[in-house]
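# Observations on chain architecture
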Amino acid sequence: MNWLIAILQGALFIILAPLLAGWLKYCKCHLQNRKAPSLLQPYRDLIKLSNKQPVVSDQASWLFITAPYLIFSATALAATVVPLVVVDLPTSASADVIVMVGFFAFARFFLALAGLDIGTAFGGMGSSREMTISSLAEPAMLMAIFTLTMTASTTNLSGAIAHVLNEGLVLRPSFVFALFALILVAVAETGRIPVDNPSTHLELTMIHEAMILEYSGRYLALIEWASQLKLMLYGVLIANIFFPWGISETLNPKDLGYGLLAILGKLALLAIFLAIAETLVAKMRLFRVQEYLSFAYLLGLLGMLSHIILEASR
Amino acid sequence: MILFSAYLAVLLSFASGLLALIVNQRHLLQSLSDYSFNKLFKNQPQPQAWVNMNLEIQHFPAFLRQAVFILLGLSGLFAVIAGLAVLISNQVITDQIPLGLPWLPWHIRFDCLSGFFFLIIGIGVFAVSLYGPGYVRSYKENQHPFASLGLFTGLFVAGMLLVLLADDAFMFMIAWELMSVASYFLVAFQHEHAANRRAAFLYLLMAEVGALAIILAFGVLASFSDGFTFDALRESRLSVTWSSIAFVLALLGFGMKAGIAPIHVWLPEAHPVAPSHISALMSGVMLKVAIYGLIRFCFDLLSEVQWQWGVVLIILGTVSALAGILYAMMQPNLKRLLAYSSVENIGIIFMVLGLTMIFMATGHPQLAALGLLAALFHAFNHALFKNLLFLGAGILQHQTHELNIDMMGGLIKKMPQTSLLFLVGCMSISSLPLFNGFVSEWLAFQTALQVDVLDNGVLRSLIPVAAAALALTAALAAACFVKVFGLIFLGQPRSHHSEKAHEVQNKFMLAGPALLAGLCFFIGIFPSTIIYLINNASGQLLGQTLPNNNLLSWLWLAPVSAHQASYSPPLVLIAALIAAGICYSYFRRNPLTTVRRAETWDCGFGGLTPRMQYTSSSFTMPFRRIFEKVWIIDEQIHKDMKGAMNQDVSAVHYQLHIHDHSWPHIYSPIAQAVNDLARQVGRIQTGNIRTYLGYSFATLLILLWLIS
């Protein structure tokens, strides 16, 4: 039963991800006085892309064609590890939060290789920048997550969230630091403003788009879907680790329904915040990103140190 | 029986070295075989024909090469058997061999720790011996004689195995020197280039300084005990000061061999110039022997471990790991890059060993066992994937005659099998899930996260910082190996050689790396096999093993307790296969949407050339800018001008050199000081015979005065 719920939850994750992207776009359009596309537009795009005939460069090797499947699968696996509507997940035990970060690294590894495969300058540029940013963001993310796992003394995400839930509302300085660190990292890792702009194809600024420039058809659909999934994953992580209230602790259908409503509400709210931030903030210069990310790293470290110095039991 | 196979491994490696010597004795062998077949074994035409065929001048070198590497492979195989046997049976075997001085027999001890490192060496040597015959064929006999290569390879392997067997300081040092000196000759094998001779000399110098430090460390221990056997050394009771002095000396000696920063400088010089299969052995295996020495010295011989030593190891390890990977990233030479990446991995091992010491000294032996598990596991993994990558680099050098990453490209289409094996190596070393590197990194993180049990505030804040540095190292390693794989195998060929490259013909050259790649994947999925073996070693060494509370332990990895952390690679693999299968079949359902091939999008300008691709230095440019203080960057841009006003640029020359900080800041001052000192000493050498007679007379007087 647990496994069934875990699989269903993973599927729900995958299905809801484009909706979140649509909602984000909807909020952003309204904030910027533009006419918003329908909330279902991302689904239509995905369907359109997956029914089109893909065009692949004649320079491409097998890696280029396999990479989208690997990227999508790795991101989907990461999604199954994160509790969405119910805390007690068996998948969280088979892969803990470090493994989840590992899945992200796996997806990124192949994305960067795919960018290099065609041998254009754009692909290399995107890969180089992506690896730079992620190699600064990954430690910051691990720091934030370690703060949580040391508080809960488990690296199992379900266990950690259950721990926060049972503790009740305690204001921990370490969690505040970790929350901000994780938000900064999430913005950088999902390629949002101010680190990367997902809606531009200007060569001087693009990172994620530069790597996937050569993809089309179903491959593009998979990669787009994976990045929407990643956005939702970070949203769920922030929402459920730091504000876990509402998530279901039992498998009873009523609680599950409430859990679903709660997470939808939390994500909708987070997306509004993100849209406001993206509207207000301008994109950074590439070589200011390291300052931004070192700040995130510092926040994560501060969170961990304040946990160790102030909050640990002795 | 176990000890017998261990001895057999040593003897076989000696034998392979000696066999290589007869490469020039073909005529002698010819007459010997004629004699024996005529007199002793008459009427056996088939063996005689076989022998004669192999002794013919065109077959003999190839036959001998194969024979030498077969012996070496058998040696590796027996080392694996001996190692596995002692680990599974969990025993300690001691023995004495009446070699050396009459009153000083060699003491032998074969326990689980030695057995584990026997396993590492055995696998490495076996893979290399599969690979070797094809690789060394390209050396010309008159320039690079096979006799010296084979002899010193055999001695080198035998030396490493004997270090692990040694149970007294004398034998340890003899074996250690055998290993160091034999590997010096291997580094100097291609001695026609001055740079190679210089690298080899640097290596020898540092190896000998390190050996001196180790001898002094043993000396400190021996002065508090009655003898040089390890049993006697174990009994010695040292004050904290003396044991710390011994620790620092041992750290210097073994650290110099292992290559931790800042005493790593021989590594990036020596590894690239040795033949690739030797660099694989040196990087994958010999560095582990140094790790073995440190573990044996600190955890076994020194009776009490101090937590301050752990702090030293953590700091050194962290610095090495970060510096190693950052320097690795900047190297365009593939083997130099891999050598620097060894510095990184050794740093990680040192860091985790430091954690082990801290947990051991503060009375948490179970967590110490976890740390030792992570350290030994990482040593094992590093041996696998670094061997694999060096052998891959050898194949690339063999096929493209290049080691410069910037001159390769597009090889995934030309060399599909090599590229797949290399990809496995890159994924393992970048610690991606499902591969072995990830498991040991996961264990290292789990060890670091147990910091809550410690009372000391400094340690409690230091260890998380080290964990953060480990995370940064892992992320940088991923970036570095994306660069390596992406630039070598993907994109378009950047040089004529790589355009003409093709897959290696000799299947055995692929079999060695394939074995290692298979092990990388297998251990990534079933890490419990190795953990079970290491558990016995830590049981003998620390007196503590991990709790074995989980019934399905082959499926789950739960080092502390299932509640705290667990990882199940087989389940993850199954889930990954299902997910990939679903999306593959979903997107293949429509036959109309088969892939159409077209030209690469060139923004409408046309004429994409391979030179427009990113290169090693452009890929790492953001890193160079972010971490610029780490290196000494020497970047020069020179423009050729032309035209009437000399204002049109006709050509741009770009030069980039990345230097190591340790040279101007540590080594040059030392070299300068040594030279100055020598000049001072030189003053007493007047060259005048009367002065020298005066010196002799004065010495004699002083000695007489001392005696009376």
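Residues numbered from 1 in each chain as written. Chains lettered and ligands numbered in written order. Predicted model: local features only at pLDDT ≥ 70, side-chain atom pairs only at ≥ 80, totals over all residues.

Right, let's get into the overall build of chain B. The number of helices and strands found in chain B is 27 helices and five strands. Scaling as 2.2 N^0.38, a compact globule of 708 residues should have a C-alpha radius of gyration of about 27 Å, and chain B matches this with 28 Å. Counting every position in chain B, which comprises 708 residues, the buried fraction comes to 52%. (Helix = DSSP H or I, 4+ residues; strand = E, 2+ residues; numbered from the N terminus. Rg over C-alpha atoms; globule rule 2.2 N^0.38 Å. Buried ≥ 20, exposed ≤ 12 C-beta atoms within 10 Å, placed from the backbone.)

Bringing the overall build of chain A into the picture now. On a plain count of helices and strands, chain A comes out with twelve helices and one strand. Helices and strands in chain A line up, N terminus first, as α-α-β-α-α-α-α-α-α-α-α-α-α. A compact globule built from 314 residues should have a C-alpha radius of gyration of about 20 Å, and chain A, at 19 Å, falls within 12% of that. For chain A, the C-alpha atoms occupy an extent of roughly 60 × 45 × 45 Å along the three principal directions. A burial count over chain A gives 63% of its 314 residues as buried. Counting contacts in chain A only where the partners sit at least 6 residues apart, residues at least 24 apart contribute 80% of the total. (Contact = placed C-beta atoms within 7 Å.)

Residue and element names in this part refer to chain B. Note on placement: Ser13 falls in helix H1 (residues 2-21). Linking Ser13 and Arg26, residues 13 residues apart in sequence, is a C-alpha distance of 22 Å. Filtering out sequence-adjacent residues up to four positions away, Ser13 remains in contact with Leu72, Ser75, Gly154, Val157, Ala158 and Leu161.

This paragraph deals with the packing of helix H5 (residues 112-136) of chain B against helix H12 (residues 276-301) of chain B. All names here are of chain B. Interaxial distance between H5 and H12 falls to 9 Å at its minimum, and their mutual angle equals 170 degrees. One way to sum up the angle between H5 and H12 is to call them roughly antiparallel. In contact with Leu113, Phe117, Ile120, Ile121, Gly124, Val128, Tyr131, Gly132 and Tyr135 of H5, H12 contributes Ser276, His277, Ala280, Leu281, Gly284, Val285, Lys288, Val289, Tyr292, Ile295 and Arg296. Grouping the constituent residues of the contact of H5 with H12 by class yields 13 nonpolar, five polar and two charged. (Axes fitted to C-alpha atoms, helices over the stretch in contact; angles between N-to-C directions. Parallel < 35°, antiparallel > 145°, perpendicular 65-115°, else oblique. Nonpolar A, V, L, I, M, F, W, Y, C, P; charged D, E, K, R; others polar.)

Residue and element names in this part refer to chain B. With 19 residues, helix H10 (residues 240-258) should cover 27 Å at 1.5 Å per step; its first-to-last C-alpha distance of 25 Å lies within 8% of that length. Buried residues of H10: Ser243, Ala246, Phe247, Leu249, Ala250, Leu251, Gly253, Phe254, Gly255, Met256, Lys257 and Ala258, and no others. As for H10, its buried residues are in contact with helix H8 (194-222), H12, helix H13 (307-330) and helix H14 (334-361). Looking at the residues trailing H10, positive phi occurs at Gly259, about 90 degrees. (Expected span 1.5 Å × (residues − 1).)

Contacts between the two partners involve 66 residues from chain B and, on the opposite side, 71 residues from chain A. Elements that contribute at least two residues to the side of chain B that touches chain A include exactly helix H16 (411-414), helix H18 (436-448), helix H19 (457-489), helix H23 (569-587), strand E3 (596-598), helix H24 (616-619) and helix H25 (621-626) of chain B. Of the residues forming the side of chain B that touches chain A, the biggest block, 15 residues, is contributed by H19 of chain B. Across the side of chain B that touches chain A, the residue classes break down as 44 nonpolar, 14 polar and eight charged. Across three bridges, strand E1 (residues 55-57) of chain A lies against E3 of chain B in parallel orientation. Across the sheet, residue Ser57 of chain A finds its bridge partner in E3 of chain B, namely Ala598 of chain B. (Pairing = 2+ DSSP bridges.)

The residue after Ile193 of chain A, namely Pro194 of chain A, is reached through a cis peptide bond having omega 10 degrees. Among the secondary structure elements, Pro194 of chain A is positioned in the loop between helix H8 (173-189) and helix H9 (208-211). Residue Ala261 of chain B is joined to Pro262 of chain B through a cis peptide bond whose omega torsion reads 0 degrees. Tracing the sequence through the fold places Pro262 of chain B in the loop between H10 and helix H11 (266-273). The residue His401 of chain B is not glycine, and still its phi comes out positive at about 55 degrees. By secondary structure assignment, the location of His401 of chain B is in the loop between helix H15 (365-400) and H16.

Residues and elements named next belong to chain B. Closest axis-to-axis distance for the H14/H15 pair is 8 Å, and the angle between their directions is 175 degrees. Accordingly, the angle class assigned to the pair H14 and H15 is roughly antiparallel. Taken together, the residues that form the contact of H14 with H15 break down as 20 nonpolar, six polar and two charged.

All right, on to the environment of Leu238 of chain B then. Looking at where Leu238 of chain B falls in the secondary structure, it is placed in the loop between helix H9 (230-235) and H10. Excluding residues within four positions of it along the chain, Leu238 of chain B makes contact with Phe224, Ser243 and Ala246 of chain B.

What follows concerns H11 of chain B. The element H11 of chain B is largely enclosed, with a buried count of eight among its eight residues. Restricting attention to buried positions, one finds in H11 of chain B the residues Trp266, Leu267, Pro268, Glu269, Ala270, His271, Pro272 and Val273 of chain B.

Looking now at the confidence of the model for chain A. When the pLDDT values of chain A are averaged, the result is 90; 99% of them are 70 or greater. Confidence, expressed as mean pLDDT per element, reaches its minimum in chain A at helix H4 (residues 90-94) of chain A with 82 and its maximum at helix H5 (residues 97-117) of chain A with 94. (pLDDT = per-residue confidence, 0-100.)

Let us now look at the pairing of strand E2 (residues 106-110) of chain B. All names here are of chain B. In terms of burial, E2 is a largely internal element, five of the five residues being buried. Neither face of E2 is left uncovered, since the one carrying Trp106, Ile108 and Phe110 and the one carrying His107 and Arg109 both have all their residues buried. Taken together, the five bridges between strand E1 (residues 93-97) and E2 define a ladder with antiparallel strand orientation. Within the sheet, the bridge partner assigned to Ile97 lies in E2 and is Trp106.

So, on to the pairing of strand E4 (residues 632-642) of chain B. Of all eleven residues in E4 of chain B, zero are buried, a share of ten percent or less. Taking the residues between adjacent antiparallel strands as the criterion, E4 of chain B and strand E5 (residues 648-659) of chain B are bridged by five residues, where Gly643 of chain B takes a positive phi near 90 degrees.

Here the focus is the confidence of the model for chain B. Across chain B, the average pLDDT comes to 89, with 98% of residues at 70 or higher. In the predicted assembly, ipTM is 0.95 and pTM is 0.94.

What follows is about the environment of Gln30 of chain B. Along the polypeptide, Gln30 of chain B turns up in helix H2 (residues 26-40). In sequence terms Gln30 of chain B and Phe201 of chain B are 171 residues apart; their C-alpha atoms lie 39 Å from each other.

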